There are 2 protein chains.
Amino acid sequence: MEKLLCGVDLGGTKLSVGLVKTDGVLIDRIVVYDHISKGEEDMIGQISDLINELLLRNKIKDDNLLGIGVGFAGHLRIKQGIVITTSNFKGFKLKNFPIRDAIKEHFKSKMEVIVDNDANAQAYSEYRFGSGVGYDSMIFLTISTGIGAGIILDGRIYHGMTGTAGEFGHTIVDPHSDIQCGCGNYGCLMSCAGGLSLPQIVKKKLKKGMKTKLQIDRSSNLEAVDGKMIKQGLDLDDELCKEVVLECADYIGIGIYNLFQIFNPPAITLGGGLMYWGDLYFKRIKEKFYTLARDMLYDKIDISLTKLGGDAGLIGAAALLLEKR
Amino acid sequence: MEKLLCGVDLGGTKLSVGLVKTDGVLIDRIVVYDHISKGEEDMIGQISDLINELLLRNKIKDDNLLGIGVGFAGHLRIKQGIVITTSNFKGFKLKNFPIRDAIKEHFKSKMEVIVDNDANAQAYSEYRFGSGVGYDSMIFLTISTGIGAGIILDGRIYHGMTGTAGEFGHTIVDPHSDIQCGCGNYGCLMSCAGGLSLPQIVKKKLKKGMKTKLQIDRSSNLEAVDGKMIKQGLDLDDELCKEVVLECADYIGIGIYNLFQIFNPPAITLGGGLMYWGDLYFKRIKEKFYTLARDMLYDKIDISLTKLGGDAGLIGAAALLLEKR
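Within any chain, residue numbers begin from 1 and follow the written order of that chain's sequence. Chains and ligands are labelled by the order in which they are written, letters from A for the one and numbers from 1 for the other. The predicted origin of the model limits local features to residues at a pLDDT of at least 70 and limits the giving and counting of side-chain atom pairs to 80 or more, whereas totals for whole chains, interfaces and linings rest on all residues.

**Let's talk about the overall build of chain A**
Thinking step 1. Scanning chain A from terminus to terminus reveals nine helices and 12 strands.
Thinking step 2. Note that the radius of gyration is over C-alpha atoms, with the globule rule given as 2.2 Å times the number of residues to the power 0.38. Over its C-alpha trace chain A gives a radius of gyration of 20 Å, about what one expects of a compact globule, namely 20 Å for 325 residues.
Thinking step 3. Projected onto its principal axes, the C-alpha positions of chain A cover 60 × 50 × 35 Å.
Thinking step 4. The 325 residues of chain A split such that 51% are buried. Segments assigned H or I by DSSP are reported as helices when at least four residues long, segments assigned E as strands when at least two residues long, and all are numbered from the N terminus. Every C-beta atom is placed from the backbone, and the number of other C-beta atoms within 10 Å of a residue's own sets its class: buried at 20 or more, exposed at 12 or fewer, partly exposed in between.

**Side note on the sheet that holds strand β9 (residues 147-153) of chain B**
All names here are of chain B.
Thinking step 1. Read from one edge to the other, the open sheet built from five strands follows the order β10-β9-β8-β11-β12, with strand pairing classed as mixed. For this open sheet the edge positions go to β10 (156-157) and β12 (302-305), each flanked by a neighbour on one side alone.
Thinking step 2. Strands pair, by our definition, only if DSSP identifies at least two bridges between them. As judged from the four bridges shared by strand β11 (residues 267-271) and β12, these two strands associate in the parallel manner. Within β12, the position partnered with A267 by the bridge is D302.

**As for the nonpolar core**
Thinking step 1. V70(A) and V70(B) are the most contacted members of the largest nonpolar core, which totals 203 residues.
Thinking step 2. Non-local contacts of V70(A), meaning those with residues more than four positions away in its chain, are made with V8(A), L10(A), I103(A), V113(A), I114(A), V115(A) and A317(A). In this usage, the nonpolar core is the set of buried Ala, Val, Leu, Ile, Met, Phe, Trp, Tyr and Cys residues whose C-beta atoms join them within 7 Å. In this description, any two residues whose backbone-derived C-beta atoms lie within 7 Å of each other are considered to be in contact.

**Section: the relation of the copies chain B and chain A**
Thinking step 1. In superposing the copies, a least-squares fit is computed on C-alpha atoms, taking residues whose pLDDT is at least 70 in both. Rotating chain B by 180° and moving it 0.0 Å along the rotation axis overlays it on chain A with an RMSD of 0.0 Å. Considering both components of the superposition, the chain copies are consistent with a two-fold axis.
Thinking step 2. When the interface residues of chain B are mapped onto chain A, 100% of them again fall at the interface, so both copies present the same face.

**A few points about the interface of chain B and chain A**
Thinking step 1. The interface of chain B with chain A comprises 34 residues on the first partner and 34 residues on the second.
Thinking step 2. Element by element, the count of residues in the side of chain B that touches chain A is highest for helix α7 (residues 239-263) of chain B, at six residues.
Thinking step 3. Note that Gly is not counted as nonpolar here; it falls among the polar residues with everything else outside the nonpolar set of Ala, Val, Leu, Ile, Met, Phe, Trp, Tyr, Cys and Pro and the charged set of Asp, Glu, Lys and Arg. Here the side of chain B that touches chain A is composed, by residue class, of 18 nonpolar, 12 polar and four charged.

**Here's the deal with the domain arrangement of chain A**
All names here are of chain A.
Thinking step 1. Reported domain spans reflect what an automatic or database domain assignment gives. As far as domains go, chain A holds domain 1 (4-127 + 311-322) and domain 2 (134-305).
Thinking step 2. Taken over C-alpha atoms, the centre of domain 1 sits 27 Å from the centre of domain 2.
Thinking step 3. Facing the 14 residues of domain 1 at the interface are 17 residues of domain 2.
Thinking step 4. For the side of domain 1 that touches domain 2, the elements supplying multiple residues, two or more each, are β5 (75-77) and α3 (118-129).
Thinking step 5. Of the residues forming the side of domain 1 that touches domain 2, the biggest block, seven residues, is contributed by α3.

**Regarding the environment of I201(B)**
All names here are of chain B.
Thinking step 1. With respect to the secondary-structure elements, I201 resides in helix α5 (residues 198-207).
Thinking step 2. The spatial distance from the C-alpha of I201 to the C-alpha of V244 is 7.1 Å, given a sequence separation of 43 residues.
Thinking step 3. If we skip the residues at most four places from it in the chain, I201 touches I179, V244 and E247.

**Considerations on the sheet that holds strand β10 (residues 156-157) of chain A**
Thinking step 1. Taken together, the five strands give an open sheet; going across it, the order is β10-β9-β8-β11-β12 (chain A), and neighbouring strands pair in mixed fashion. Each edge of the open sheet carries a strand with a single partner, namely β10 and β12 (302-305) of chain A.

**What to know about the environment of F282(B)**
Residue and element names in this part refer to chain B.
Thinking step 1. Secondary-structure assignment places F282 in helix α8 (residues 279-293).
Thinking step 2. C-alpha of F282 to C-alpha of I252: the two residues are 30 residues apart in sequence and 9.5 Å apart in space.
Thinking step 3. Apart from the residues within four sequence positions on either side, F282 is in contact with M275 and L305.

**Digging into the packing of helix α6 (residues 227-235) of chain A against helix α7 (residues 239-263) of chain A**
Residue and element names in this part refer to chain A.
Thinking step 1. Simply put, an axis is a line fit to the C-alpha atoms, just over the touching stretch for a helix, and the angle between two N-to-C directions goes from 0 to 180 degrees. For the pair α6 and α7, the least separation of the axes is 8 Å and the interaxial angle reads 120°. On the basis of the axis angle, α6 is oblique to α7. Judged by the twist between their axes, the crossing of α6 over α7 is left-handed. Contact residues: I230, G233 and L234 in α6; L240, C241, K242, V244 and V245 in α7.
Thinking step 2. By residue class, the composition of the contact of α6 with α7 is six nonpolar, one polar and one charged. Put simply, angles under 35 degrees are roughly parallel, angles over 145 are roughly antiparallel, angles from 65 to 115 are roughly perpendicular, and the rest are oblique. Handedness of a crossing is defined here by the sense of rotation of the near helix relative to the far one, left-handed for an anticlockwise turn of less than a right angle and right-handed for a clockwise turn.

**Describing the pairing of strand β2 (residues 15-20) of chain A**
Residue and element names in this part refer to chain A.
Thinking step 1. Counted residue by residue, β2 has six buried out of six residues, so it is predominantly covered.
Thinking step 2. Judged by which residues are buried, β2 turns out to be covered on both faces: L15, V17 and L19 on one side and S16, G18 and V20 on the other are all buried.
Thinking step 3. Relative to β2, strand β1 (residues 4-10) is paired through six bridges, and the arrangement is antiparallel. The partner of L10 across the bridge, within β2, is L15.
Thinking step 4. In this structure, the hairpin formed by β1 and β2 is closed by a connection of four residues.
Thinking step 5. Direction of pairing for β2 relative to strand β3 (residues 26-32): antiparallel, over a ladder of six bridges. Note on β3: the bridge partner recorded for V20 is L26.
Thinking step 6. Taking the residues between adjacent antiparallel strands as the criterion, β2 and β3 are bridged by five residues, where G24 takes a positive phi near 90°.

**Quick notes on unusual backbone geometry**
Keep in mind that most residues, glycine aside, have a negative phi and that most peptide bonds are trans.
Residues and elements named next belong to chain B.
Thinking step 1. In this structure, L94 takes a positive phi of about 75° despite not being glycine.
Thinking step 2. As for its position among the elements, L94 is in the loop between β6 (82-85) and α2 (99-104).
Thinking step 3. In this structure L94 comes out as buried when scored by C-beta crowding, with 24 C-beta atoms within 10 Å.
Thinking step 4. With phi around 50°, D154 is a residue other than glycine that occupies positive phi space.
Thinking step 5. Tracing the sequence through the fold places D154 in the loop between β9 and β10.

See below:
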């Protein structure tokens, strides 16, 4: 019987555990949301229980697993499999936690467990099974509440010294910006174009006197503004929302241009929650990129959308086991 | 007899040809400046003549060379050894020129000839013989008339798809800047902190009413402002020059911070003509970096100055022959 991959997508909201074939096809999965209320050890125990439940109901022995791949929303010491920190789990949960070994303890000693950053896992699944197929290198940019990149060079995930490479959302693209990022700095890409900054971006436009059809105003529910609300505005042909989307797109276009100048990659793939803003957004991103790159672009670069849907994180986590290390 | 490396540093002002030992020690070199007045084929012939002259006067047979490494100030199709374009040679000279094969034709067929971008060559020499010794990866940033990076990952030069990776000077760090780069864009790192932009930066400060001890004013000889003139101002404790240096340093600090977030490298080395601005400049660069990186820096990063002097380009060109390909 062909061996299977087990993927674990461990985020601050959702914990998904799945069985994936080596061709990237998801066989079965369990999704829970109550992991976040547990302590660290209990959370790891829950992950182990969910894996065993999946194996049992699919009549698969753990010997039939190639291993367990974990995609984690936070910073990791990659070689040691230790969480450094994460802003996605409240109360410093999992800070300095040896997550890889803690999971390993629940299984036979020969079970391989690989833990990586979730953006890296998604990048790798895109490279193996999605828009990156056919390229030896590619960059995956996830644009959501935050912004991050997974860098695939010559078929391998590029991690850097500690394991935190690809934190592209924190690169500064507008140092005179007055929008502060969660990291404390001003003008990083995340603060200019990430989901978390939408309330501040909208607030600035309201201050300038722009009108909106949305039921928001400066004083009350501005903090509730998120990507979905902006999308509703787009569907209503709302001027303010359109301008927000185009402004964010311009910054992402700059970001992609910067990636191009640094990496000269054959392919850049975009994913993440804000991509549902649709054509207006994606077209403007590409326009901005090509306006900047012009005659400095000597070979075609493939700027595409993710081909993997909502399970990209889970499939990517599983696919980590296929990377040549 | 131990084999030697032949290095060729081909720039728009200076052509240097040298013999280098495999430990990076320069044995002999010839420098000329009249290559720029020649046609393409004559320039290649001159390079060949200079190499033969060096071999002759050092009593070395061409069989004793490991090969010829060429560092070139311009964009290359790296796999094909073809110049794409360069802004350093007037009249589109060398555009689309197959420089590697043209040099090869002057030597025995088994002579290895490697051509790479000059920033890459310098980065590689820094990695082999300079501040990068002991690290598996590093980034070399050259700050001069222009700004560029050489990226060494796991002991190899990272080239990207075409061969133009590392054009870090063209990454945009201030999109609302009104200073235009030679590339046509506004607000790229080169336009904010490169030598070519100094006249524009000084002009803005004069416009704001800043006084200077230098003999420059808005109308007359502003275009003559260069790094050396600013350095003279520093030595005179000139306020305007100090402010220019600190402003440029802040942008370089942002650039290094961006490199850190993207690559998470163990080492970044700075070289290039503007580094002679000295301590005021280098200290401020590091201050800006650490102010931005703060608690996101989990491991020590070594930010250093080049250890190789004016011959770094030549030694780097020769060292290209030592890279595992």
